[in-house]
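As a plain string of letters, each chain reads:
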Amino acid sequence: MKNKASKLMMIAICSVLVGCGNSNFFTTSGSPYSLLNGRTAKKKYETIASVGIGELNYMKTSAAQNAEHFANFVDGLLTHNDFGTLELNLAKSARQEQDFKEFVFEVREDENLIWVTSAGKPYKYGGKVQKVTAADFVFGAKLINTFSVGSDTGYLMRDFIKGAAEYYLYTQILDGIANGSSKFVKMDTDQKKAKFINDTIKSDYPAAYKAQYDPAYGGTAIKAADINNIANGSRLGVKVENGNSVRYSLLDSAMYFPTLLTYSTYLPVNENFYNEKKSGFGSGKPDSILYCGPYVLSASDETNIEYTKNPYYAKRKDVQENRYKQAFVDKIHYSIKNDIESGDPRIAFEAGNIDGFGLSPNDKIGWDKYVIGPNGEGTIEEPYSGLVNSRWLD
């Protein structure tokens, strides 16, 4: 359900009408938004954040203070365009089979669809530039369902994908054994492991149990002989197919499944880089992740966050052909201000110190000025000021 206490972004189109020779500005033209044509906009966007980045492990965290950043750093198979319509992103094509129980996405073949470092350079492993491939989505699926990762959003896969719950529970057994838990140390045979997984799926994942394991509905209980294939991930319903396609096998028909692919749960991870970083993956430092989205995190500390445009993203064929995917701003800079009052960002905006901010209903002066308007008729859906970009929040 969408919350009507929405985040209203104040977007300033910098109206420098004369003397516009500064390299920090560019003039827009040919925009589908008529109000933008002929305007001068900044190449560097300045704004304020109340907190810094906690961590960048998008396989683990869903906290807004982190997700609002890594959403700009790593692309998924699909995306929502400016109008909220779902469209292909890293996927070149998509199809469904078996009445929406199977989905297959072909990953783009593009020389510029590569993993890059926080320095904007191609990531190489064994001397070879690492492209974003279907295998990265399979590895991401294994990570998100690894118990020790502690993902906030893994349920979005375990509630939909065949074999996800059993893989997760198997890794829970391994984690328990590694940590000396007497409960799991006693599971010293595959038969005991299979019983634990069966019993736990039945009690904790009833929908998955009914769809895949319940004999009353044509399912098959996990046997000791299945443990090896659970361990190696071959029973997980996320697989590479035909070289560079990824297939998702669902527990049940779900026409809306593609919308889930816009969540961090379904993002790709390069296995070689992850194995290099291990526990340091996504620590919060710019070099703790790789990038395949429009921006890289070029700086992050207690006072500043800065994005720099990913040069390889801009070269991707699908980006060049679709202006709604293009990143026109070269840098985005956040000044971190702790303990800011609700009206402080507006004051900074009106003073020309920042280019945009989140307008809070708690800032009554700003709310009345930009949303309600002098005639009292403005609403969130139809705000008084043309500077307001209304975005719904979950």
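Residues numbered from 1 in each chain as written. Predicted model: local features only at pLDDT ≥ 70, side-chain atom pairs only at ≥ 80, totals over all residues. Heavy atoms only, no water.

A. View of the sheet that holds strand β15 (residues 331-336). In space, the 4 strands of this open sheet follow the order β4-β15-β14-β13, with mixed pairing throughout. Lying at the two open borders of the sheet, with one neighbouring strand each, are β4 (44-49) and β13 (295-300). With strand direction ignored, the average angle separating the axes of adjacent strands in the sheet is 20°. (Pairing = 2+ DSSP bridges. Helix = DSSP H or I, 4+ residues; strand = E, 2+ residues; numbered from the N terminus. Axes fitted to C-alpha atoms, helices over the stretch in contact; angles between N-to-C directions.)

B. Region of the structure containing the pairing of β13. Two elements, β13 and strand β14 (residues 304-309), share 5 bridges in a ladder whose sense is antiparallel. Each residue of the ladder has a partner; that of V296, found in β14, is T308. Between β13 and the antiparallel strand that follows it, β14, lie 3 residues.

C. Structural view of the packing of helix α4 (residues 164-178) against helix α6 (residues 190-204). In contact at an axis separation of 10 Å, α4 and α6 are set at 130° when each is read in the N-to-C sense. Compared by their axis directions, α4 and α6 come out oblique. As for the relative orientation of α4 and α6, their crossing is right-handed in sense. For the pair α4 and α6, the contacting residues are A165, E166, L169, Y170, Q172 and I173 in the first and K193, F196, I197, T200 and I201 in the second. Of the residues that constitute the contact of α4 with α6, the class distribution is 7 nonpolar, 2 polar and 2 charged. (Parallel < 35°, antiparallel > 145°, perpendicular 65-115°, else oblique. Left-handed = near helix turned anticlockwise from the far one by under 90°. Contact = heavy atoms within 4.5 Å. Nonpolar A, V, L, I, M, F, W, Y, C, P; charged D, E, K, R; others polar.)

D. Fine view of the confidence of the model for the protein. Scored by pLDDT, the protein comes out at a mean of 88, with 88% of its residues at no less than 70. Within the model, the stretch residues 1-36 combines pLDDT values under 50 with 96 contacts to residues more than four positions away or in other chains. (pLDDT = per-residue confidence, 0-100.)

E. Structural detail: the layout of surface pockets. Reported here for the second largest pocket is a volume of approximately 240 Å³. L143, T146, S148, V149 and Y274 are, among the 15 residues lining the second largest pocket, the residues nearest its centre. Ranked by the residues each element gives to the lining of the second largest pocket, the list is headed by helix α2 (residues 134-144), at 3 residues. Partitioning the lining of the second largest pocket into residue classes produces 6 nonpolar, 6 polar and 3 charged. (1 Å grid on protein atoms, 1.4 Å probe; cavity = no way out; pocket = protein on both sides within 12 Å on 5 of 7 lines; lining within 4 Å. Points joined across faces, edges and corners; volume = space filled by probe spheres on them.)

F. Layout of helix α7 (residues 206-213). For α7, the set of buried residues is A208, Y209, Q212 and Y213. End-on, the buried residues of α7 take up no more than an arc of 100°, which puts them together on one face. Summarising the geometry of α7, the exposed residues directed more than 90 degrees from the buried face are P206 and A207. Lining the buried residues of α7 we find α4 and α6. (Buried < 20%, exposed > 50% of the residue type's maximum accessible area, 1.4 Å probe, protein only. Arc of directions from axis to C-beta.)

G. Inspection of the pattern of salt bridges at higher detail. Here the structure, examined in full by the defined rule, presents 23 salt bridges. D318 is paired through a salt bridge with R316; the nearest N and O atoms lie 2.9 Å apart. The exposure classification of D318 matches that of R316, with both residues buried. Beyond isolated ion pairs, a larger network of salt bridges with shared partners links D75, R108, R316, D318 and K325. (Salt bridge = Lys/Arg side-chain N within 4 Å of Asp/Glu carboxyl O.)

H. Layout of the packing of α6 against α7. Where α6 meets α7, the closest approach of the two axes is 5 Å, and the angle between their N-to-C directions is 120°. For the element pair α6 / α7, the angle class is oblique. Counted together, I201, K202, S203 and D204 of α6 and P206, A208, Y209 and Y213 of α7 form the full contact between these two elements. Looking at side-chain class alone, the contact of α6 with α7 contains 5 nonpolar, 1 polar and 2 charged residues.

I. Structural detail: the sheet that holds strand β8 (residues 102-107). Across the sheet, 4 strands lie side by side as β7-β8-β12-β11; this open sheet has antiparallel pairing. A strand with exactly one partner marks an edge of an open sheet, and here the two such strands are β7 (91-97) and β11 (238-241). This sheet shows a mean twist of 20° between the axes of neighbouring strands, independent of strand direction. By the bridge criterion, 4 bridges tie β11 to strand β12 (residues 245-249) in an arrangement that is antiparallel. Paired with V240 across the strands is V246, a residue of β12. Along the sheet, α2 contacts β8, β11 and β12; its crossing angle with β11, the most-contacted strand, is approximately 165°.

J. Main features of the nonpolar core. Within the largest apolar cluster, 63 residues are counted, with the highest numbers of intra-cluster contacts made by Y58, F73, L77, I161, Y248 and F257. Considering each element in turn, this core owes the most residues, 7 residues, to α2. If sequence neighbours within four positions are ignored, Y58 has contacts with F70, V74, W115, S264, L267, P268, V269, F281 and I289. Within the second largest apolar cluster, 19 residues are counted, among which are F184, M187, Y209 and I227. (Core = buried A, V, L, I, M, F, W, Y, C linked by side-chain atoms within 4.5 Å.)

K. A look at the side chain of D75. By the element assignment, D75 lies in the loop between α1 (64-70) and β5 (78-80). A polar side-chain atom of D75 sits 3.4 Å from a polar atom in the side chain of N89. Engagement of the side chain of D75 in a polar contact is seen with the side chain of R316, the distance being 3.1 Å. Those residues in contact with D75 that sit more than four places away from it in its chain are N89, L90, L267, P268, C292, G293, P294, Y313 and R316. (Polar contact = N/O pair within 3.5 Å; in protein donor to acceptor, adjacent residues only side chain to side chain.)

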